[in-house]
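What follows is each chain in one-letter form.
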Amino acid sequence: MNAPFPTILPTYNRAPLRFARGEGSWLVEEDGTHYLDFTSGIAVNALGHAHPELVATLTEQAHALWHVSNLYQIPAQENLATALVEHSFADTAFFTNSGTEAAELAIKMVRKFWHDAGEARPTILTFEGAFHGRSTGAIAAAGSEKMTKGFGPLMPGFKTLPWGDHDALRTALDDTVAAVMIEPIQGEGGIRPLPDACLKGLRDLCDETGALMVLDEVQCGMGRTGRLFAHEWAGISPDIMMVAKGIGGGFPLGAVLATARVGAAMGAGTHGSTYGGNPLACAVGTKVVEIMTAPGFMDAVSRKGAALRQSLEGLCATHPDVIEEIRGMGLMMGLKCHVPNTDLVQAARDAQLLVVPAADNVVRLLPPLTITEDEIAEACQRLERAIRRLG
Ligand code: PLP
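Let me begin by describing the structure that accompanies this report. (Residues numbered from 1 in each chain as written. Predicted model: local features only at pLDDT ≥ 70, side-chain atom pairs only at ≥ 80, totals over all residues. Heavy atoms only, no water.)

Turning to the site of the ligand, a few remarks are in order. Close to the ligand lie Ser98, Gly99, Thr100, Phe131, His132, Gly133, Glu183, Glu188, Asp216, Val218, Gln219 and Lys245, which account for all nearby residues. Separating an oxygen atom of the ligand from a side-chain N or O atom of Thr100 is a distance of 2.4 Å. In the environment of the ligand, an oxygen atom lies 3.2 Å from a nitrogen or oxygen atom belonging to the side chain of Lys245. When the ligand sits alone it has 390 Å² of accessible area, and the protein chains cover 83% of it. (Near = heavy atom within 4 Å. Polar contact = N/O pair within 3.5 Å; in protein donor to acceptor, adjacent residues only side chain to side chain. Areas by Shrake-Rupley, 256 points an atom, 1.4 Å probe, with all protein chains shown as cover.)

Take a look at the structure:
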């Protein structure tokens, strides 16, 4: 007899782990086995699991109001927008439920901006190795064969450039370009940071040609690098930015932040969402921003990031047969491997350490930003055990 088709559409290769609960930096399986979580739900549980202040905020909001339509004013949404505007380049925010939805709005915003300006600018430039989500628009934007195969015809209007090829960028970036869309640190692409000088140079090129700069900070934003947003290190600001993952600390929430100049293109009726900006998500998001922007929080992320990097560099030096290179910033680190990255992910899991594979044969380390230095040391010991098994 044929096996029945899986009740969950089999789009994921899932590890045989079933977690019953999370506590800070730890995930606990149904049988009580504890795993040190250096995935954070792929950069989502930025404040760890079951953070007491987030639990209290969510519970309090759940007792008051879960959902109300965007047909009405939503104070929790206003609070979060005000906090984000206060702590970023942006003048305005639209809330979504995910990074993909944020990418969709960013693309619409770019197109509508140029439509209103009366200029024909059909192209958005994107980069090889990019990941902006799995919607039809987002896969067309990233352009990789792996994500787009079988899903054509693709949405037109994107041109994908090689990563780090300045000449290709200068040639492509003319006054027919509507926007350049880029992750300051590619996450899925293998923890590939764009050097500050390149981000600055890109901003200059955008200013010269009028193209809008759209930053995708869905993975690298919300404190991962030791600043609230990764682009802050380069001292530049975008016109539009996508945010998600860490902003909800585990509650589904995303946002598009924009300047007033660009946001002005999106009047009533141009975009919407049933759930986007709901009171539960926004109450939690506001608390996340409050915690992350409290004095000392980001300094601690940078300090812990430096400790993690130092230990990882040590592992790379002692095990050059397994680890080729350490990449990343803050608590967004990547190990470029000589062995298949999935072997290292599996060996780490056997040592009860959870890490995430990425493209370019990289293993990602994305611990909660609330990780302790002792937990970092513990993780590095477990990683070393895993590496020894493979070397
Ligand atoms: N953009 C980047 C940089 C991402 O890393 C992701 C998810 O991994 C997305 C967009 C899509 O976000 P979501 O999965 O929340 O739709």
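Counted under the stated rule, the structure contains three aromatic pairs. With a centroid separation of 5.7 Å and 80° between ring planes, the pair formed by Phe19 and Tyr35 is classed as edge-to-face. Taken together, the residues span a long stretch of sequence, with Phe19 in strand β1 (residues 19-23) and Tyr35 in strand β3 (residues 34-37) at a distance of 16 residues. The exposure class of Tyr35 is buried, given its relative accessible area of 7%. Taking 6.2 Å as the distance between ring centres and 85° as the angle between the ring planes, the aromatic pair formed by Phe127 and Trp163 counts as edge-to-face. Taken as a pair, Phe127 in strand β5 (residues 123-127) and Trp163 in the loop between β6 (158-161) and α7 (166-172) lie far apart in primary sequence, 36 residues in all. Grouping residues by exposure puts Phe127 and Trp163 together as buried. (Phe/Tyr/Trp six-rings, centres within 6.5 Å; stacked < 30°, edge-to-face > 60°. Helix = DSSP H or I, 4+ residues; strand = E, 2+ residues; numbered from the N terminus. Buried < 20%, exposed > 50% of the residue type's maximum accessible area, 1.4 Å probe, protein only.)

Turning our attention to the packing of helix α12 (residues 341-350) against helix α13 (residues 373-390). Interhelical geometry of α12 versus α13 gives an angle of 125° and a closest axis separation of 8 Å. By the angle class used here, α12 and α13 are oblique. Crossing of α12 against α13: the hand is right-handed. Two secondary-structure elements touch here, α12 through Asp343, Leu344, Ala347, Ala348 and Asp350 and α13 through Leu383, Ala386, Ile387, Arg389 and Leu390. (Axes fitted to C-alpha atoms, helices over the stretch in contact; angles between N-to-C directions. Parallel < 35°, antiparallel > 145°, perpendicular 65-115°, else oblique. Left-handed = near helix turned anticlockwise from the far one by under 90°. Contact = heavy atoms within 4.5 Å.)

With that out of the way, let us pick up the sheet that holds strand β13 (residues 323-329). The strands making up a sheet associate through backbone hydrogen bonding, with each pair oriented either parallel or antiparallel. Sheet architecture is open: four strands sit in the order β13-β14-β17-β16, paired in antiparallel fashion. The open sheet terminates on both sides in strands that have one partner only, identified here as β13 and β16 (356-358). Strand-to-strand twist in this sheet, taken as the mean axis angle between neighbours without regard to direction, amounts to 30°. With four bridges connecting them, strand β14 (residues 332-337) and strand β17 (residues 362-365) associate as antiparallel partners. By the bridge assignment for β17, Leu335 is matched with Val363. Here helix α11 (residues 297-318) sits on the sheet and contacts β13, β14 and β17; the angle it forms with β13, its principal contact strand, is near 170°. (Pairing = 2+ DSSP bridges.)

What follows deals with the nonpolar core. In this structure, Phe38, Met292 and Leu312 are the most contacted members of the largest nonpolar core, which totals 81 residues. Residues from two domains meet in this core; each of domain 1 (73-292) and domain 2 (297-339 + 347-357 + 375-391) gives at least three. Met109, Phe113, Trp114 and Ala265 belong to the second-largest nonpolar core, a separate cluster that totals 27 residues. (Core = buried A, V, L, I, M, F, W, Y, C linked by side-chain atoms within 4.5 Å. Domains from an automatic or database assignment.)

Our focus in this paragraph is the sheet that holds β1. Overall, mixed pairing links the four strands, which are arranged β1-β2-β3-β15 in an open sheet. The open sheet has two edge strands with one neighbour each: β1 and β15 (353-354). Here β3 pairs with β15 via two bridges, running parallel. Residue pairing across strands places Asp37 opposite Leu354, the latter belonging to β15. Each of β2 (26-29), β3 and β15 touches α13; the most contacted strand, β3, lies at about 105° to it.

Take the side chain of Asn45 next. Position of Asn45 relative to the elements: it lies in the loop between α1 (40-43) and α2 (52-64). Residue class for Asn45 comes out buried when judged on its relative accessible area of 13%. Aside from chain neighbours lying at most four places away, what touches Asn45 is Ser40, Gly249, Gly250 and Pro368.

Turning our attention to the side chain of Thr148. Here Thr148 shows up in helix α6 (residues 145-148). A residue is classified by how much of its surface remains accessible, and Thr148, at 12% relative accessible area, is buried. A distance of 2.9 Å separates a polar side-chain atom of Thr148 from the backbone oxygen of Ser144. Aside from chain neighbours lying at most four places away, what touches Thr148 is Ile139, Gly143 and Leu154.

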